Amino acid sequence: MLTWEQVLEMRHHGIEFGSHTMSHLLMAYLPPERAQWELNESKRILEERLGEQIEHFSFPGGSYTPENIDMARRAGYRSLFVRYTGHD
């Protein structure tokens, strides 16, 4: 994990950050209220700490549902990412 000092230094040098939830739980298995909180709170904290809009989100473990996609859009994310390992 990075410290906030490291994050700010990296951001100063052009690295862009996105959100990845508060607790790294698999979104597809969370109750809707918890999933929405994970999306909203992680975005809020990053925006507060970095002083800029956070528009990108990556689903932990590549786990998501169509409802999670709608939740992320409502939270204000413009792009969503999932991990693809190439294995079936």
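What comes next is a walk through the structure.

About the cut-offs
- Residues numbered from 1 in each chain as written.
- Predicted model: local features only at pLDDT ≥ 70, side-chain atom pairs only at ≥ 80, totals over all residues.
- Heavy atoms only, no water.
- Helix = DSSP H or I, 4+ residues; strand = E, 2+ residues; numbered from the N terminus.
- Buried < 20%, exposed > 50% of the residue type's maximum accessible area, 1.4 Å probe, protein only.
- Contact = heavy atoms within 4.5 Å.
- Lys, Arg positive; Asp, Glu negative; His and termini not counted.
- Charge placed at Lys NZ, Arg CZ, Asp CG, Glu CD.
- Core = buried A, V, L, I, M, F, W, Y, C linked by side-chain atoms within 4.5 Å.
- Phe/Tyr/Trp six-rings, centres within 6.5 Å; stacked < 30°, edge-to-face > 60°.
- Lys NZ or Arg CZ within 6 Å of the ring centre and 35° of its normal.
- Axes fitted to C-alpha atoms, helices over the stretch in contact; angles between N-to-C directions.
- Left-handed = near helix turned anticlockwise from the far one by under 90°.
- Nonpolar A, V, L, I, M, F, W, Y, C, P; charged D, E, K, R; others polar.

Tallying secondary structure elements over the chain gives 3 helices and 2 strands in all. Secondary structure elements of the chain occur, N-terminal to C-terminal, as α-α-β-α-β. Across the 88 residues in the chain, those meeting the buried criterion constitute 30%. For the chain, the proportion of contacts with a sequence separation of at least 24, taken over those separated by at least 6, is 55%. Side chains of the chain give 9 positive and 13 negative charges; the mean places of these two sets differ by 2 Å.

Grouped together as the largest cluster of nonpolar side chains are 15 residues, with contacts concentrated most on M27, A35, L39, L50, I54, F57 and Y77. The set of elements that each furnish at least two residues to this core consists of α2 (32-50) and α3 (66-75). Looking at this core, the element that brings in the most residues is α2, giving 4 residues. Among residues more than four places away in sequence, those in contact with M27 are T21, A35, E38, L39, F59, P60, S63 and N68.

Moving on, we get to the packing of aromatic side chains. This structure, assessed with the given rule, holds 3 aromatic pairs. For the pair F57 and Y77, a centre-to-centre distance of 5.2 Å together with 50° between the ring planes defines the contact as tilted. Here Y77 lies in the loop between α3 and β2 (79-81) and F57 lies in strand β1 (residues 56-58), a separation of 20 residues in the sequence. Just as F57 is buried, Y77 falls in that class too. Three or more aromatic residues joined by ring pairs form one cluster here, namely F57, F59, Y64 and Y77. Above the plane of the ring of Y77 lies K43, whose end atom (NZ or CZ) is 5.8 Å from the centre.

Moving on, we come to the environment of L30. Looking at the element boundaries, L30 is found in the loop between α1 (4-12) and α2. Residue L30 is classed as buried on the basis of its relative accessible area of 17%. Through-space distance from the C-alpha of L30 to that of Y64 is 9.6 Å; in sequence the pair is 34 residues apart. Setting aside its immediate chain neighbours within four residues, L30 contacts L25, A35 and E38.

This paragraph deals with the packing of α2 against α3. The relative placement of two packed helices comes down to the angle between their axes together with the axis-to-axis distance. Direction vectors running N to C along α2 and α3 enclose 35°, while the axes themselves pass 10 Å from each other. Of the two possible hands of crossing, α2 and α3 adopt the one that is right-handed. Residues P32, A35, Q36, L39, N40 and K43 of α2 touch α3, and the partners they reach there are E67, N68, M71, A72, R74 and A75. Class assignment of the residues belonging to the contact of α2 with α3 gives a composition of 6 nonpolar, 3 polar and 3 charged.

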